[in-house]
Amino acid sequence: MAYFKKNLSILTLTAWLSLAFGCGERRAERAFAPAPLRYAELLRLTDTLGCTFAEIADPWHEGRTMQRYCLVPQDADVPEEASGYVIVRTPLRRIASGTALHAALLQELGAEDALAGLFDAEYAVGSALKQLIQTGRLKPAGNSMKPDAELLHALHPDALLLSPFENAGHGALTTLGVPIIECADYMETSPLGRAEWMRLYGRLAGRGAAADSLFELVAHRYENCKRKAAATAERPTALCDLPQGGTWFVPGGRSTMGRLFADAGICYLWKDNGDKGSLSLTFEGVFDRARNADWWLIKQGWPAPPSRKMLADEFPHAERFKAWREGKVLVCNTLATPYFEEVPFHPERLLQELAAIFHPTLRPEGFTPRYFYYLEK
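Keep in mind that what you see is a predicted model, and the values were worked out from it rather than measured. (Residues numbered from 1 in each chain as written. Predicted model: local features only at pLDDT ≥ 70, side-chain atom pairs only at ≥ 80, totals over all residues. Heavy atoms only, no water.)

Points about the packing of helix α8 (residues 208-230) against helix α9 (residues 256-263)
Across the interface, α8 lies against α9 with an axial gap of 9 Å and an inter-helix angle of 55°. The angle between the axes of α8 and α9 places the two elements in the oblique class. Mapping the contact onto sequence places Tyr222, Lys226 and Ala229 in α8 and Arg259, Leu260 and Asp263 in α9. Here the contact of α8 with α9 is composed, by residue class, of three nonpolar, no polar and three charged. (Axes fitted to C-alpha atoms, helices over the stretch in contact; angles between N-to-C directions. Helix = DSSP H or I, 4+ residues; strand = E, 2+ residues; numbered from the N terminus. Parallel < 35°, antiparallel > 145°, perpendicular 65-115°, else oblique. Contact = heavy atoms within 4.5 Å. Nonpolar A, V, L, I, M, F, W, Y, C, P; charged D, E, K, R; others polar.)

Written as structure tokens, this is what we have:
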């Protein structure tokens, strides 16, 4: 993280010099007021000079910066210190979002009027987001895999929120002439690290204070649940998902899900793995390690509620796993539950749910799972 410290040092020096040689109200405007982030590793925010400076690290090339932004109020002058930064006039008034996740967050922060377009709108699951789409207040913006620049141009966005990928640009979307915000939050290695990016998105939409308050609540609830789970005696083992096309993808030990399992007091079977993303394994590689796992969590999108028979037909080897035989299988239908629209910015909800399921002593009275449910034996 040395490059972040270097850049922040430059900003700090610049602000100090402004203080030293300025005077009166001008001196107060130039005061250095950082917005320290406690968990995010790929994002740095600095509130100073009446603006917000944001730096995003390149997740795939250590020591490099992917992009730098200076968020400048609509009626303010661009500071000289913003040279070399992408200027983003805030609050954004018309945002095109590449994911339902970021659109749902902006809606929660009270910035739904700024939402103009959404990629893959037909896959939105949350009822509030679907209502915006159905009433025409939020327009479909085409397919995220094959973006339509002309369609987006017709929406007149003043910024695009897009997820970056390794060795891939944004193609024709760069010709629109509006800032592209690199939403690299999904590459964070801790649940709260990813959730903390809401502080950037809130500032973009003029809802910085609301985002800061929401994140503090999320972090408090997460850390509180984590402490309680750490005090439990049992450490059940868990297996994830199903093989797809001959490959079984499971979370790496240093991925956000791997970290969340550990925080929920679960002995994740790949906890010693150092990967930050998913692992691509063979059936044999999973079976050898997970045949006797205590629990099995399956997260997938089905057009209809899955049954035990349906999953057995889809995966005949299921009977060979202890969790299946003992009826300890939990499923989450992502086409019916807004898992992907909520969990990244509300990891405390999933943590509380898993802790309650795996540790009965932590289960509140009247507990009802939000995402997972038991697959009937």
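A few points about the sheet that holds strand β11 (residues 237-240)
Taking strand neighbours across the sheet as the criterion, the five strands line up as β13-β11-β15-β16-β17 in an open arrangement whose pairing is mixed. Pairing within the sheet leaves two strands with one partner each, and these edge strands are β13 (267-268) and β17 (373-374). (Pairing = 2+ DSSP bridges.)

Examining the sheet that holds strand β10 (residues 180-182)
As summarised here, the arrangement of the five strands in space is β8-β7-β6-β9-β10, forming an open sheet in which the pairing is parallel. Single-partner strands in this sheet number two, and they are β8 (139-140) and β10. With three bridges joining them, strand β6 (residues 95-97) and strand β7 (residues 115-118) adopt parallel strand pairing. Looking at the pairing, Ile95 lines up with Leu115 of β7. Each of β6, β7 and β9 (159-162) touches helix α3 (residues 100-108); the most contacted strand, β7, lies at about 160° to it.

Section: the pattern of salt bridges
Using the criterion set out here, one finds 17 salt bridges in the structure. We note a salt bridge from Arg203 to Asp47, for which the minimum N-O separation is 3.0 Å. Of this pair, Arg203 sits in helix α7 (residues 198-204) while Asp47 is found in strand β2 (residues 43-48), placing the two residues 156 residues apart along the sequence. Between Asp272 and Lys271 there is a salt bridge, with its nearest N and O atoms 3.8 Å apart. Relative accessible area serves as the criterion here: at 47%, Lys271 is assigned to the partly exposed category. Because the salt bridges share partners, they merge into one network encompassing Asp47, Glu196, Arg199, Arg203 and Asp212. (Salt bridge = Lys/Arg side-chain N within 4 Å of Asp/Glu carboxyl O. Buried < 20%, exposed > 50% of the residue type's maximum accessible area, 1.4 Å probe, protein only.)

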